[in-house]
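As a plain string of letters, each chain reads:
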Amino acid sequence: MNFPLCGLVLLAATASLQDGAVPVENEPVHKTAFKNEYVQAFRVMVEPGKATLMHTHAHDDAAVRLNTAVIAVDIPGQPVGPREYVRPGLISTRDNEDKPYTHRVHNVGTTVFDVIDLQVLKRPPGPEVPAIAVPAAENARMRVYRYELAPGASSVQHSHARPYMLIAATDVDLRMTAPGGASSQHPVKAGDMHWVDSAVTHTLVNRGTKNAILVEIEIK
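Just so it is clear, the model here is predicted, and its values are computed rather than measured.

## Side note on the sheet that holds strand β18 (residues 200–206)
Piece 1. Overall, antiparallel pairing links the four strands, which are arranged β13-β18-β15-β16 in an open sheet. Strand pairing shows two members of the sheet lacking a second neighbour, β13 (158–160) and β16 (183–188), which therefore form its edges. Recorded for the sheet is a direction-independent mean angle of 35° between the axes of neighbouring strands.
Piece 2. In the sheet, strand β15 (residues 172–177) pairs with β16 via six bridges, with the strands oriented antiparallel.

## A closer look at the packing of aromatic side chains
Piece 1. Applying the stated rule across the entire model yields one aromatic pair.
Piece 2. Arranged with centres 6.3 Å apart and planes meeting at 35°, the rings of Phe34 and Trp195 form a pair that is tilted. Placement of Phe34 in strand β2 (residues 30–35) and of Trp195 in strand β17 (residues 193–196) is noted, with a sequence separation of 161 residues between them.
Piece 3. By relative accessible area, which is 26% here, Phe34 ends up partly exposed.

## Here we look at the sheet that holds strand β9 (residues 101–107)
Piece 1. The strand order across the open sheet formed by five strands is β1-β4-β9-β6-β7, and the pairing between neighbours is mixed. In the strand order of this sheet, the two ends are held by β1 (22–23) and β7 (84–86), each with one partner.
Piece 2. Here strand β6 (residues 69–74) pairs with β9 via four bridges, running antiparallel. Directly across from Ala72, in β9, lies its bridge partner His106.

## So, the side chain of Glu27
Piece 1. Secondary-structure assignment places Glu27 in the loop between β1 and β2.
Piece 2. Contacts of Glu27, omitting those with residues within four sequence positions, involve Val22, Thr52, Leu53 and His55.

## Some words on the nonpolar core
Piece 1. By size, the foremost hydrophobic cluster in this structure holds 21 residues, and its most contacted members are Val39, Val64, Leu118, Met142, Val144 and Ile217.
Piece 2. Within the residue set of this core, elements represented by two or more residues are β3 (39–46), β5 (61–65), β10 (113–120), β12 (142–149), β14 (164–168) and β19 (212–219).
Piece 3. Here the element with the most residues in this core is β19; it accounts for four residues.
Piece 4. If near-sequence neighbours (up to four positions away) are discounted, Val64 is found in contact with Leu90, Ile91, Asp114, Val115, Ile116, Ile167, Ala169, Val215 and Ile217.
Piece 5. In terms of nonpolar packing, the next biggest core, distinct from the first, is built from 15 residues, Tyr147, Leu149, Ala212 and Leu214 among them.

## Here we look at the pattern of salt bridges
Piece 1. Summed over all chains, the structure comprises nine salt bridges.
Piece 2. Lys122 is paired through a salt bridge with Glu37; the nearest N and O atoms lie 2.9 Å apart. Placement of Lys122 in the loop between β10 and β11 (137–138) and of Glu37 in the loop between β2 and β3 is noted, with a sequence separation of 85 residues between them.
Piece 3. Arg141 is the salt-bridge partner of Glu97, the closest N and O atoms lying 3.6 Å from each other. Taken together, the positions of Glu97 in the loop between β8 (91–94) and β9 and Arg141 in the loop between β11 and β12 put the pair 44 residues apart, joining distant regions of the chain.
Piece 4. By sharing partners, the salt bridges in this structure join Asp60, Glu97 and Arg141 into a single network.

Definitions and limits used
Residues numbered from 1 in each chain as written. Predicted model: local features only at pLDDT ≥ 70, side-chain atom pairs only at ≥ 80, totals over all residues. Heavy atoms only, no water. Pairing = 2+ DSSP bridges. Helix = DSSP H or I, 4+ residues; strand = E, 2+ residues; numbered from the N terminus. Axes fitted to C-alpha atoms, helices over the stretch in contact; angles between N-to-C directions. Phe/Tyr/Trp six-rings, centres within 6.5 Å; stacked < 30°, edge-to-face > 60°. Buried < 20%, exposed > 50% of the residue type's maximum accessible area, 1.4 Å probe, protein only. Contact = heavy atoms within 4.5 Å. Core = buried A, V, L, I, M, F, W, Y, C linked by side-chain atoms within 4.5 Å. Salt bridge = Lys/Arg side-chain N within 4 Å of Asp/Glu carboxyl O.

Below you can see the structure in the form of structure tokens.
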């Protein structure tokens, strides 16, 4: 079959785009906010009208949205998908180890798309443990627990036997209370993170005046 020259140029450009996806670690909008030998957390902020590069996620990951925004996603060889409306505290997980996921995110709204994306690089040592509760989301390597707390409200007391990342999806005046009454106060902003690699039993308390959303991503 013969293609006109302009068609050949278009096909070549499309193939180049599809083959040119970068690892997520090299995508410039994905800024590393935390990294150790086990996990890497990216803070991703896409301005209105902008888009990420086409990029590939090769590790299992979990994402926590931090604000209200409108996005659209395309993957190689397919048109841009429908609008997706995201909100603070919206979470998702993906299994990328067996089949890496390649996409590009477009901000088609009027607000910054702001998200934390946490990927697992290596499983921390230690035995497997049962879930604390029914996870809000999970994949092969992570369980995600989500707490939406009204002013003055608290989570149930719970214990972590595996390392986890605590992420504030909204601003919150957080108090963490341990058995016996010991507590600590932590005014935190949306996107703040805290990695914990020791056994912990605690209750999360919203000491602020607005609803708060906190997320714990536990590594299985």
